[in-house]
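Residue-level structural notes
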Amino acid sequence: MPHWTALVAEKKQRQLKSIPQEWLRRVGLLNAIEIEITDTSVDVLLKKLACAEWTAVDVTTAFYKRAIVAHQLVTRAAELDDYLKKTGKVVGPLHGLPISLKDQLCIKGLETTMGYVSWIGQYADKNAVLVDVLIECGAVPFVRTNVPQTLMWPDTFNNVFGRTTNPHNRSLTPGGSSGGEGALVALKGSPLGVGSDTAGSIRIPSAFCGLYSLRPSYGRVPYCGALNSLEGQDSILGVFGPMTNSVGGVKVFMKAVVNAKPWLKDPLVIRKKWNEDEYNLVDHGSGKDLCFAIMWDDGVVVPHPPIRRSLEITKAALQKAGHKVVDWKPIKHRLLLDVMVDILNAASAEDIMMTTSVTGEPIIATMELDNADAAASRPRNSGITAYQLWQAQKLRQNTRKEYLDHWEATTSETGTGRPVDAIICPAAPYAAPPHGKDSYINYTSVWNTLDYPAVTFPVTTVDSAFDGKDPPHGFYDEFDKDIYEMYDPEKFRNAPVCLQLVGRTLEEEAVIKMTEIVDAALSATK
């Protein structure tokens, strides 16, 4: 077996050779039409593709150039153009749309390293189910994007492809583990990307890069055939979901995928097509006089001033649009974090060491830049017993019931005769921090533990004129104080600020529609 560094060098050479040389370091690479194409939202792109105003080859090539990647899959786009020309029909609801994929989704004949040197040279003998579904819908999977080693980081760095930076400010993290997707979509190198989310890995990079995204409930989007860490852990499941520059793109993706009957290809997918009544909010007063609950903090960590300001902006916009806004009282968020950590770390150290031992590649212990003194967080402890794991899962089950009852009890506060329609909350206690400094993920992971769908949406950017440092508040503990002390408005300057809209289990259609309503209310105030 070659030394792991030799495997990486050979892989990087193959990666470089796959990129057309005329596309490297070219100024003015994209013409005016290609710039227009790559600046167009997903829903408009699909309309122009369907009427043949733009061809699939034109669109895919434009995004290839902007992503600066190889052109092998343009053949697929040409086939779609030929089909439309011959039949006058589109192949499916995603006809001609280039879609980028997180480096977990296997494509037949290609390697999927997932950030591990040990997986270089392992070629897939078939597509992941979601890849097959996207192709059947007419999409053009065209690139795959960077992830952190193990996936289990809210940052993006590995020994194979290196570090991904935030396109808004390269000194800041793009988030993780879908950080490659976040950066690429934010740069408009892809109109829509597929990320995965076990504890926030879709929403954290989307929030840090200024994107719309959806963490769906377990079983709505197929996962079968994709690679993952902790395979066999089936209590807090990873899910795939869309990351894009418009809420319309989120809807297009979900509607296409669930209407393709993925339950016929993945036994864990729920048999549930897109429900137009749920999208039209029949269970939420048909979208009139909605009641949103704002969670200002989670009782563990108080968010930084830009996050607080984005919540104030959103509250004012919704009230102006005629909706009611109340405060959300979080319960047991610290406990839910502890439960998640116990479950995911039950055997994570063994999982990581078994994988890396094949080549002897070092386990990355920190995501910080050139900081030998940074506290290492990999590998974690040796794990817990099966009985201890059962107790953690039982506690999670009981707490989910408590949270359901807590939500139902809000009927007395809303004035609508219904419980709160959705929660609006931070996606993190800060905007994108410096590399390695994202130390708190429970603003996203709590909803994974509860299995609630959540959509991210952009609100504003960090502005020192409005987001000066607040005087010290009453801290929950020393960790909360540490988060407070890391804030410097200049360090975070111009970073995107996004929030989450959270619904109840399997309410994907409803949370998408309610995000459209919030987005429209915010747009009306600009």
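Scroll up to find the structure.
Now for a quick tour of the structure. Treat the numbers as computed from the prediction; the structure is a model and nothing was measured.

1. Looking at the overall build of the protein
Scanning the protein from terminus to terminus reveals 18 helices and 12 strands. Over its C-alpha atoms, taken along the principal directions, the protein stretches across nearly 60 × 55 × 50 Å. A buried classification covers 57% of the 526 residues belonging to the protein. Considering only contacts within the protein whose residues lie at least 6 apart along the sequence, 78% involve residues at least 24 apart. Taken as a whole, the protein presents about 21200 Å² of accessible surface, with 53% of it coming from carbon and sulfur. Separation between the mean location of the 55 positive side-chain charges and that of the 61 negative ones in the protein comes to 4 Å.

2. Here's the deal with helix α12 (residues 333-344)
With 12 residues, α12 extends 16 Å from end C-alpha to end C-alpha; this agrees with the ideal 16 Å at 1.5 Å per step. Those residues of α12 that are buried lie in contact with α13 (348-356), α14 (386-408) and α16 (442-450).

3. Things to note about the pairing of strand β10 (residues 422-426)
When you tally the buried positions in β10, you get five out of five residues, the bulk of the element. Pairing between strand β8 (residues 291-294) and β10: three bridges, direction parallel. Bridge assignment links Ile294 to a residue of β10, and that residue is Ile424. Two strands pair when backbone bridges link them, and β10 and strand β12 (residues 496-502) are joined in this way by four bridges, in the antiparallel orientation. Its bridge partner lying in β12, Pro426 is registered against Leu499.

4. A few points about the packing of aromatic side chains
One pass over the structure, following the stated rule, counts 14 aromatic pairs. The interplanar angle of 85° and the centroid separation of 6.1 Å between the aromatic rings of Tyr403 and Trp447 together place this pair among those described as edge-to-face. Placement of Tyr403 in helix α14 and of Trp447 in helix α16 is noted, with a sequence separation of 44 residues between them. Ring geometry for Tyr403 against Tyr452: centres 6.2 Å apart, planes inclined by 65°, an arrangement best described as edge-to-face. Remark: Tyr452 occurs in the loop between α16 and β11 (454-461) and Tyr403 occurs in helix α14; sequence separation between them is 49 residues.

5. Things to note about the packing of helix α9 (residues 247-259) against helix α18 (residues 508-524)
Closest axis-to-axis distance for the α9/α18 pair is 10 Å, and the angle between their directions is 165°. In terms of axis orientation, α9 runs roughly antiparallel to α18. The element α9 and its partner α18 pack so that their crossing is left-handed. Counting all contacts with α9, which are made through Val247, Val250, Lys251 and Met254, the residues of α18 involved are Glu508, Ile512, Thr515, Glu516 and Asp519. Split into classes, the residues belonging to the contact of α9 with α18 amount to four nonpolar, one polar and four charged.

6. Thoughts on the pairing of β8
Residues Cys291 and Ala293 of β8 are buried on one face, and the alternating residues Phe292 and Ile294, pointing to the opposite face, are buried as well. As paired strands, β8 and strand β9 (residues 324-327) are joined by four bridges and run parallel to one another. Residue pairing in the sheet places Phe292 in a bridge with Val325 of β9. The parallel pair β8 and β9 is bridged by helix α11 (residues 305-320), and the resulting crossover is right-handed.

7. Quick word on empty space enclosed by the protein
Applying the stated rule across the entire model yields one cavity of 30 Å³ or more. As a volume, the largest cavity reaches approximately 40 Å³. In this structure, the largest cavity is lined by Ala207, Phe208, Ile307, Ala427, Ala428, Tyr430, Ala431, Pro496, Val497 and Cys498. For the lining of the largest cavity, the secondary structure elements donating two or more residues are α8 (203-209) and β12. Here the element with the most residues in the lining of the largest cavity is β12; it accounts for three residues. A class-by-class count of the residues in the lining of the largest cavity yields 10 nonpolar, no polar and no charged.

8. Side note on the environment of Leu49
Locating Leu49 in the fold gives a position in helix α3 (residues 42-50). C-alpha of Leu49 to C-alpha of Pro148: the two residues are 99 residues apart in sequence and 34 Å apart in space. When neighbours within four sequence positions are excluded, Leu49 is seen to be in contact with Trp54, Thr55, Ala56, Val59, Leu84, His95, Gly96 and Leu97.

9. Examining the packing of α11 against α18
Look at α11 against α18: their axes get within 8 Å of each other, and the N-to-C directions meet at 95°. Judged by the angle between their axes, α11 and α18 are roughly perpendicular. Contact with α11, carried on its side by Ile313, Thr314, Ala317 and Leu318, involves Val518, Ala521 and Leu522 of α18 and no other residues of that element. For the contact of α11 with α18, a count of residues per class yields six nonpolar, one polar and no charged.

10. Structural notes on the pattern of salt bridges
According to the stated counting rule, one finds 25 salt bridges in the structure shown. A salt bridge links Lys401 to Asp405; the shortest N-O distance between them is 2.9 Å. Placement of both Lys401 and Asp405 in helix α14 is noted, with a separation of four residues, approximately one turn of the helix. The shortest N-O distance in the salt bridge between Lys513 and Glu516 comes to 3.9 Å. Within this pair, Lys513 and its partner Glu516 are both found in helix α18, separated by three residues, close to a single helical turn. Residues joined by salt bridges that share partners form a network here, namely Arg220, Lys272, Glu278, Glu508 and Glu509.

11. Quick look at helix α1 (residues 4-17)
End to end, α1 covers 20 Å across 14 residues, agreeing with the expected 20 Å (1.5 Å per residue, within 8%). For α1, the full list of buried residues reads Trp4, Leu7, Val8 and Lys11. Angularly, the buried residues of α1 cover 95° about the axis, an arc narrow enough to put them on a single face.

12. Structural notes on the nonpolar core
If you look at the biggest cluster of nonpolar residues, it comprises 125 residues, and the most contacted ones within it are Leu94, Leu134, Ile424 and Trp447. Aside from chain neighbours lying at most four places away, what touches Trp447 is Arg203, Arg215, Met295, His333, Tyr403, Ile423, Cys425, Tyr452, Gln500 and Val502.

13. Topic: the sheet that holds β10
Ordered by their spatial adjacency, 10 strands build an open sheet running β2-β1-β5-β7-β6-β11-β12-β10-β8-β9, and the pairing between neighbours is mixed. Sheet topology places β2 (140-145) and β9 at the edges, where each strand pairs with a single neighbour. Strand-to-strand twist across the sheet, computed as the mean angle between neighbouring axes with direction ignored, equals 30°. Each of β1 (98-102) and β2 touches helix α4 (residues 56-67); the most contacted strand, β2, lies at about 10° to it. Contacts between helix α6 (residues 129-136) and the sheet are confined to β1, β2, β5 (192-197) and β7 (239-244), with β1 contributing the most and set at about 175° to the helix.

Basis of the calculations
Residues numbered from 1 in each chain as written. Predicted model: local features only at pLDDT ≥ 70, side-chain atom pairs only at ≥ 80, totals over all residues. Heavy atoms only, no water. Helix = DSSP H or I, 4+ residues; strand = E, 2+ residues; numbered from the N terminus. Buried < 20%, exposed > 50% of the residue type's maximum accessible area, 1.4 Å probe, protein only. Contact = heavy atoms within 4.5 Å. Areas by Shrake-Rupley, 256 points an atom, 1.4 Å probe, with all protein chains shown as cover. Lys, Arg positive; Asp, Glu negative; His and termini not counted. Charge placed at Lys NZ, Arg CZ, Asp CG, Glu CD. Expected span 1.5 Å × (residues − 1). Pairing = 2+ DSSP bridges. Phe/Tyr/Trp six-rings, centres within 6.5 Å; stacked < 30°, edge-to-face > 60°. Axes fitted to C-alpha atoms, helices over the stretch in contact; angles between N-to-C directions. Parallel < 35°, antiparallel > 145°, perpendicular 65-115°, else oblique. Left-handed = near helix turned anticlockwise from the far one by under 90°. Nonpolar A, V, L, I, M, F, W, Y, C, P; charged D, E, K, R; others polar. Right-handed = clockwise from strand over helix to strand, strands pointing away. 1 Å grid on protein atoms, 1.4 Å probe; cavity = no way out; pocket = protein on both sides within 12 Å on 5 of 7 lines; lining within 4 Å. Points joined across faces, edges and corners; volume = space filled by probe spheres on them. Salt bridge = Lys/Arg side-chain N within 4 Å of Asp/Glu carboxyl O. Arc of directions from axis to C-beta. Core = buried A, V, L, I, M, F, W, Y, C linked by side-chain atoms within 4.5 Å.

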